[in-house]
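# Topology and contacts: notes
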Amino acid sequence: MVSNEADQVVVTGSPKQQLFRGRSATDLLPALLALLDGNRTHAELGVELGQSEEVIFKALSLLWTCGVIEEGPPDPAPTWGSDDRLADYLSRVGSATEANASWEHAATRLRTAEVEIFGDPMLAALIREELTGSLPVTLGAGGLPTEHATLVVWADADADADADAGAVAEHCWAKGIPLLRMRVRGRRAALGPLVDPRTTPCLDCLTVYDEDDDRTATGGDCALAAALFARDLFAAVSRTTPSPLPMRWRLVDLETLGQKDTSSATRPGCPCCSVAEGPVAERAALATRFEASVAMPPKEFADLKAHQMHYKPSNMALQRVSRTWPVAPVVELLPPAHDRLDQQWPAVQPSPNTLSLLLSVTAGIKADSADKVSRWTASGGNIGSVTAYAVVRDIPGIEPGTYGYVAAGHRLARLSSLTDGVPGDRPVSLVLTGDFPKVARKYSAFALRIVLLDSGCAQATTREAARTLGIGFALRPHWDDDDLAAALGIDPNVEPVTAVIDLGDPR
Ligand SMILES: [Zn+2]
């Protein structure tokens, strides 16, 4: 729907309402939109509207980016008819993922699916009711899925049905058929996991963390859970709307409607999905579960639209955010002499010159132009998550103490005259931390992974630069997070310590 006010055009009906301002919007857009029937070329549109082809292309690009228009039908166009309401819906929301060039692509995905539902009969019937009209769905008649099934649903509402689930899951795993499990216990619904032998762990590994619930379900709980489940299944099959599937799935509290995503990982030694031999671990390690929870989905499930978040102004601005410690006394650093890195130097102890250079290449800014901040070390999303601290014990020309490195401005902030919060016998220690909240503003939970990868890049840079400068370099394998956090005045849950590096040789 388009509403044309004095100096703006508002387009509603797409996932986000779009507002276009200015004369070209009010003059050109309504006339252009009326002609977009998929039959005219850019040149023909230009002639009819008295505009150059370039202007038409720019306007169409803008409308496409905003999700107002989509490509015409594939050639040859599908010959089958489709429910008008479904077609409208697919066309409107399709830009949310940009996985389908046009609604016909999404409709084809739905039409060629064969969903077979097994498990609890009542829950299965509710799910089928929700999905009927959108895609072919049948209630599994026999004990096992047919060879036509492209997706099998296991509806689990009863703790006694676990043995049957095992048989269906085993069959699907052996035949390579994706299995989507739904589970209701008490007032808790799990809208997954999706088990696909090509890409995911097995059902047993994914459901290790299933939780029970001692609340009694009330009327309508199962219908609500089935509707929410059908929504996620529809999203995963049609690829028109974002969905946590296939890497994660939703856990919904049917009383509060609170929800969270969950995930799991292969248990080492699992006879079904692990390559490791030996006894089956009870659970996957926490780090593995984190990796699994933020892993990129397989290519066929990637949302092309997600890439556009890199160009959001608020995300572009993050590259300029950094710690400054505004109330701490400022200690100027010598300008970093990067050309010193052009040759190998004999062994030497750190000096104000080399400390300046090492901080610059580890966590500093190379150049700051209007559209981009350049760094000396690679950084996820060019956000620059590494914050460096220097604990100076013995560098002639720099007062002993604990300093924060202000990347914007290349200077030190004197945080404390103490050095015993980071005990050591080298002239200086660098402590690297990760600015998790800054990265999380763009990358959410994935931010921790970026923070750790960024730190690895920074450590590699420090090591290479120190080696070239002839300065001793030693990474500490252990440290006490709480002691370091107290010494630096940070909250380790928000700003994790990622490395402690000793520089120079013991005096
Ligand atoms: Zn497994």
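In this text the structure is predicted, and so the values were computed from the model without any measurement.

## Concerning the overall build of the protein
- The helix and strand tally for the protein stands at 15 helices and 20 strands.
- With respect to the three principal axes, the spread of C-alpha positions in the protein is 80 × 70 × 40 Å.
- Per-residue burial over the protein gives 38% buried out of 507 residues.

## As for the environment of S429
- Among the secondary structure elements, S429 is positioned in strand β18 (residues 428–434).
- With 24 C-beta atoms packed within 10 Å, S429 lands in the buried category.
- Linking S429 and V500, residues 71 residues apart in sequence, is a C-alpha distance of 6.9 Å.
- Residues within four places of S429 in sequence aside, it is in contact with V391, V422, G424, V500, I501, D502 and L503.

## A short note on the pairing of strand β6 (residues 151–156)
- Within β6, six of the six residues are buried, leaving the element largely enclosed by the surrounding structure.
- Both faces of β6 are covered, namely the face carrying L151, V153 and A155 and the face carrying V152, W154 and D156.
- Across five bridges, strand β4 (residues 115–119) lies against β6 in parallel orientation. Each residue of the ladder has a partner; that of V115, found in β6, is L151.
- One ladder, built from five bridges, connects β6 with strand β7 (residues 179–185); its direction is parallel. If you follow D156 over to β7, its bridge partner there is R183.

## Regarding the sheet that holds strand β16 (residues 401–406)
- A sheet is described by the order of its strands in space; here seven strands give the open sequence β12-β17-β16-β15-β18-β20-β19, paired in antiparallel fashion. One side of each edge strand has no neighbouring strand; the edge strands of this open sheet are β12 (330–332) and β19 (473–475). Going from strand to strand, the sheet's axes swing by 30° on average, the running direction of each strand aside.
- Direction of pairing for strand β15 (residues 386–392) relative to β16: antiparallel, over a ladder of four bridges. Paired with V392 across the two strands is G401, which belongs to β16.

## Describing the domain arrangement of the protein
- By domain assignment, the protein separates into domain 1 (2–69), domain 2 (107–304) and domain 3 (317–503).
- The straight-line distance from the C-alpha centre of domain 1 to that of domain 3 is 49 Å.

## As for the packing of helix α2 (residues 42–49) against helix α3 (residues 53–65)
- Where α2 meets α3, the axes come as close as 8 Å, and the angle between the chain directions of the two elements is 110°. With respect to their mutual orientation, α2 and α3 come out roughly perpendicular. Along its contact with α2, which presents H42, A43, L45 and G46, the element α3 presents E53, I56 and F57.
- Among the residues making up the contact of α2 with α3, the classes are represented as four nonpolar, two polar and one charged.

## Here's the deal with the nonpolar core
- Counting residues in hydrophobic clusters, the biggest one holds 56 residues, and the most contacted among them are L123, I127, V152, V153, A155 and L179.
- Here this core takes nine residues from helix α9 (residues 221–238), the largest share from any one element.
- For V153, the contacting residues outside a window of four places in its chain are V115, I117, F118, I127, L180 and M182.
- Within the second largest apolar cluster, 42 residues are counted, among which are L358, L359, V386 and A487.

## Describing the packing of helix α4 (residues 84–93) against helix α5 (residues 103–111)
- Where α4 contacts α5, the two axes come as close as 8 Å, and the packing angle between them is 120°. As summarised for this structure, α4 and α5 are arranged oblique, according to the angle between their axes. Seen from above, α4 lies across α5 with right-handed handedness. Of α5, the residues touching α4 (which contributes A87, L90 and S91) are W103, A106 and A107.

Calculation notes
Residues numbered from 1 in each chain as written. Predicted model: local features only at pLDDT ≥ 70, side-chain atom pairs only at ≥ 80, totals over all residues. Helix = DSSP H or I, 4+ residues; strand = E, 2+ residues; numbered from the N terminus. Buried ≥ 20, exposed ≤ 12 C-beta atoms within 10 Å, placed from the backbone. Contact = placed C-beta atoms within 7 Å. Pairing = 2+ DSSP bridges. Axes fitted to C-alpha atoms, helices over the stretch in contact; angles between N-to-C directions. Domains from an automatic or database assignment. Parallel < 35°, antiparallel > 145°, perpendicular 65-115°, else oblique. Nonpolar A, V, L, I, M, F, W, Y, C, P; charged D, E, K, R; others polar. Core = buried A, V, L, I, M, F, W, Y, C linked by C-beta atoms within 7 Å. Left-handed = near helix turned anticlockwise from the far one by under 90°.

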